[in-house]
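# An overview of the molecular structure
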Amino acid sequence: MIINNAETILSVQELNASIDDTQILNGFDITVKAGEIHAIMGPNGSGKSTLAYSIAGHPKYSVTGGSVTLDGVDVLEMSVDERAKAGLFLAMQYPVEVPGVSVSNFLRTAATALRGEAPKVRTWVGEVKEAMSKLSIDPAFSERSVNEGFSGGEKKRHEILQMELLKPKIAILDETDSGLDIDALRIVANGVNKLKSKDNAVLVITHYQRLLDYIVPDFVHVLIDGKIVKSGTKELAYELEEKGYDWIKEELV
Amino acid sequence: MSLKSKLVSSYLAFDDHLDDNSPIHDIRKKAIDTFEEKGFPTKKEEDWKYTSLNAIINKDYSIASKGDKKIKYEKVREYFLHDIDSYKVVFIDGVFSSFLSETSHDGLDVCLLSSVLSKEKYKAIIEAYYNKIASKDSITSLNTAFAKEGAYINIPNNKEVDKPIEIINFSTGNETALMMQPRNLIIVGENAHVQIIERHQSLSNNAVFTNSVTEIFAEKRAYLDFYKIQNDKENASLIDNTFIHQEQDTNCNVHTFSLGGKITRNNLNFSQNGEHSDSTLKGVTILKDKQHVDHNTLVNHISPNCESHQDYKGLYADSSTGVFNGKVIVEKQAQKINAFQQNNNILIDDNATVNAKPQLEIFADDVKCSHGCTIGQFDEDALFYLRSRGIGLKEAQALLMYAFANTVLETVKIPELKRRINNLIAEKIGVNIGFDI
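Presented here is a report on the structure given in the accompanying data block.

Conventions and cut-offs
- Residues numbered from 1 in each chain as written.
- Chains lettered and ligands numbered in written order.
- Predicted model: local features only at pLDDT ≥ 70, side-chain atom pairs only at ≥ 80, totals over all residues.
- Heavy atoms only, no water.
- Helix = DSSP H or I, 4+ residues; strand = E, 2+ residues; numbered from the N terminus.
- Rg over C-alpha atoms; globule rule 2.2 N^0.38 Å.
- Buried < 20%, exposed > 50% of the residue type's maximum accessible area, 1.4 Å probe, protein only.
- Contact = heavy atoms within 4.5 Å.
- Areas by Shrake-Rupley, 256 points an atom, 1.4 Å probe, with all protein chains shown as cover.
- Lys, Arg positive; Asp, Glu negative; His and termini not counted.
- Charge placed at Lys NZ, Arg CZ, Asp CG, Glu CD.
- Pairing = 2+ DSSP bridges.
- Axes fitted to C-alpha atoms, helices over the stretch in contact; angles between N-to-C directions.
- Left-handed = near helix turned anticlockwise from the far one by under 90°.
- Salt bridge = Lys/Arg side-chain N within 4 Å of Asp/Glu carboxyl O.
- Buried area = accessible area lost by both parts, 1.4 Å probe.
- Polar contact = N/O pair within 3.5 Å; in protein donor to acceptor, adjacent residues only side chain to side chain.
- Nonpolar A, V, L, I, M, F, W, Y, C, P; charged D, E, K, R; others polar.

### Quick notes on the overall build of chain B
Counting its secondary structure elements, chain B contains ten helices and 20 strands. Taken over C-alpha atoms, the radius of gyration comes to 21 Å for chain B, in line with the 22 Å a tight globule of 437 residues would show. Expressed as a percentage of the 437 residues in chain B, the buried residues total 59%. Counting contacts in chain B only where the partners sit at least 6 residues apart, residues at least 24 apart contribute 83% of the total. Taken as a whole, chain B presents about 17,500 Å² of accessible surface, with 46% of it coming from carbon and sulfur. Averaged over its 50 positive side-chain charges, chain B has a centre that lies 3 Å from the centre of its 60 negative ones.

The structure is reproduced here in structure tokens:
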């Protein structure tokens, strides 16, 4: 939802980022205000994941120029966990398996870190159960190791579960639709939509328009060769779905 | 005078006090000859390549303690499994403490080796079992020469022991440097079931050198869980020599938690002498400063259709050093063997070192053997994932370290012990992990 005079939550200016000395992002700009949903679409290799990981601070990606602020505060100066504490959440395309760390322990440790105190056991159990049931996650999940042996759909629902419990100001969904069947897609999208309010914002990174039928964006941006080359409304997503990316590349030339 | 000379010359005086007719008199004499000939092992020997005893044996040890020290239970309560009932065989500076012990002759023997060595009625036991499987190498022979006290545990056939047995060796620091050589003999009868916890605990910062030997016999269908807790003070060193003889259909599991001490060497030897035997050797090692632990394991598959499982995890901080030397022998007639060996290490600091040496000697042709060994740092992606949820670096590392050690911890079958070790590990890692893991 677009709100007049809304506060800017995430501002990325002239961002350059590289992996293994190969520059991927070339002057990427975006401004996301409270209440808004932005979609970033782009072909393979355009820099979608680099964008997500650079903002979240993955050590394999190095930011070589530009700025990223969250609520006006410099994010690039923060450690990975400080970014999360500032309200940034990245739902990953390939959530990492952490054998031996149970989901329940992981969720509670994360909630404790973000809230500054351990959630009360009594209310916490209810909170987790409710969030799990909304996402059709079997409660027995809590005892499993984080992401270990999870199906693609389970991993993505687990990401959204964390988002639900950690309540970020800005959620970046990196190819959350990949590997999901239509039912799982609906469940995941519902989870995101329920979380959405006038005080937070969502950045959806995707290859396909499909997810945007469920998480309806206010703005759609096209990412090619590490920068946004075209912006529009949700109709742009349909156009991309129909015609692919080549016509935009041709327009650029 | 070197420790070796001191030991050899004091043997003469020691021998004078012994009964010449004792069944083990000859065993002792042979043993001291072996030690005199070979001396303490040095790094020139392949099996001791990565562990030097120099820092231990250059001290002037008392080799017999006055043993008149009393300890108040409250002061050492934390070293016992105090929240559940257990049998206890407790030694203070190598001398039996009846006050702290809870022995039994009621339906099983949980008592002292000294009485077994001296009483006529145990003669047959000594002849059948004593020093039968202990190695004849120099360090074990040294123990054999001087051994006179330790735990004697004999579980009769079909007996399921109702509570764990704790063997605890305290040293008080009464002497500035004390050498102790406890000797345990454990017989688990047919179809019997027992859980044993062993601990060496120094109560001062004075030097302690323990050279311990334990012989364990598992008769047909016997089940044994043995837990070794090694979390000693900074000047306490331990050479633990444990020999396990398994008959048919037995299941023997040894968990070794090496979390402290100065130099610790674990010589853990399994020999499978009957079909359908299962041996499990697991260990968690968490070291810091200049601590050193050397796990030297040997599994000898003599009979067919048996299994062995080894899982050793190590976390090394500061300048600590670790060794894993795991040997598996599969003899020619031992077909259909499954032998697995896993040794994974994380070096937390740049100065930490691990030497890992898996050795498989396979003479049978129809066997399944695998070994894997890794030495690495933290998984960068897993760390990132945890931190991206707000978990700080130290706590994220702690979670990963805990998870890493957990494959060993999860098979500890005494819940109270598991909780204690859990807390110990959390303390070693340096964070309050807090809740239900």
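Next, the rest of the story.
### Side note on the sheet that holds strand 16 (residues 307-316) of chain B
Residue and element names in this part refer to chain B. Strand order in the open sheet made by the ten strands is 2-1-5-8-10-12-14-16-18-20, with mixed pairing throughout. Every interior strand has two partners, whereas the edge strands, strand 2 (95-96) and strand 20 (367-376), have only one. In this sheet, strand 5 (residues 165-171) lies alongside strand 1 (residues 87-92) in parallel orientation, the contact comprising six bridges. For V89, the partnering residue across the bridge sits in strand 5 and is I167. Lying on the sheet, helix 9 (residues 393-409) is in contact with strand 12 (251-258), strand 14 (278-287), strand 16 and strand 18 (337-347); it crosses strand 16 at an angle near 155°. Helix-sheet contacts for helix 10 (residues 415-429) involve strand 8 (193-202), strand 10 (223-230), strand 12 and strand 14, and the interaxial angle to strand 10 is about 30°.

### Considering the sheet that holds strand 11 (residues 219-224) of chain A
Residue and element names in this part refer to chain A. The strand order across the open sheet formed by six strands is 6-9-10-3-11-12, and the pairing between neighbours is mixed. Among the strands making up the open sheet, the edge pair consists of strand 6 (88-91) and strand 12 (227-232). The mean inter-strand angle of the sheet, taken between neighbouring strand axes irrespective of direction, is 20°. Looking at chain direction, strand 3 (residues 37-41) and strand 11 are connected through four bridges and run parallel. From the neighbouring strand, A39 faces strand 11, where its bridge partner is V220. Against the sheet, helix 5 (residues 152-166) contacts strand 6 and strand 9 (170-174), and its axis sits at roughly 165° relative to strand 6.

### Let's talk about the packing of helix 3 (residues 103-115) of chain A against helix 5 of chain A
All names here are of chain A. At their nearest, the axes of helix 3 and helix 5 sit 10 Å apart, and the two run at 35° to each other. For the pair helix 3 and helix 5, the sense of crossing is right-handed. For the pair helix 3 and helix 5, contact is made by V103, F106, L107, A110, A111, L114 and R115 and by H158, L161, Q162, L165 and L166, respectively.

### A look at the pattern of salt bridges
Summed over the entire model, instances satisfying the criterion amount to 26 salt bridges over all chains. Between D81 of chain A and K85 of chain A there is a salt bridge, and its shortest N-O distance comes to 3.9 Å. Remark: K85 of chain A and D81 of chain A occur in helix 2 (residues 80-85); sequence separation between them is four residues, near one turn of the helix. For D81 of chain A, a relative accessible area of 7% gives the class buried. The salt bridge partner of K163 of chain B is E102 of chain B, with a shortest N-O separation of 3.4 Å. Placement of K163 of chain B in the loop between strand 4 (151-155) and strand 5 and of E102 of chain B in the loop between strand 2 and strand 3 (109-112) is noted, with a sequence separation of 61 residues between them. Taking relative accessible area as the criterion, E102 of chain B reaches 30% and is therefore assigned partly exposed. A single salt-bridge network, built from bridges that share partners, covers D85, K88, E102 and K163 of chain B.

### Some points on the interface of chain A and chain B
Contact with chain A, which involves 35 residues of that partner, is made by 20 residues of chain B. A buried area of about 2,300 Å², summed over both sides, lies between chain A and chain B, and 66% of it is on carbon and sulfur atoms. The interface formed by chain A and chain B contains three salt bridges. Across the pair E159 of chain A and R389 of chain B runs a salt bridge, and its minimum N-O distance is 2.7 Å. Between chain A and chain B we count nine residue pairs in polar contact (both at pLDDT 80 or more) in total. Sorting the residues of the side of chain A that touches chain B by element identifies helix 1 (48-56), helix 2, strand 6, strand 7 (98-102), helix 3 and helix 5 of chain A as the ones contributing at least two each. Top element by residues in the side of chain A that touches chain B is helix 3 of chain A. It accounts for seven residues. Here the residues of the side of chain A that touches chain B are counted per class, giving 21 nonpolar, nine polar and five charged.

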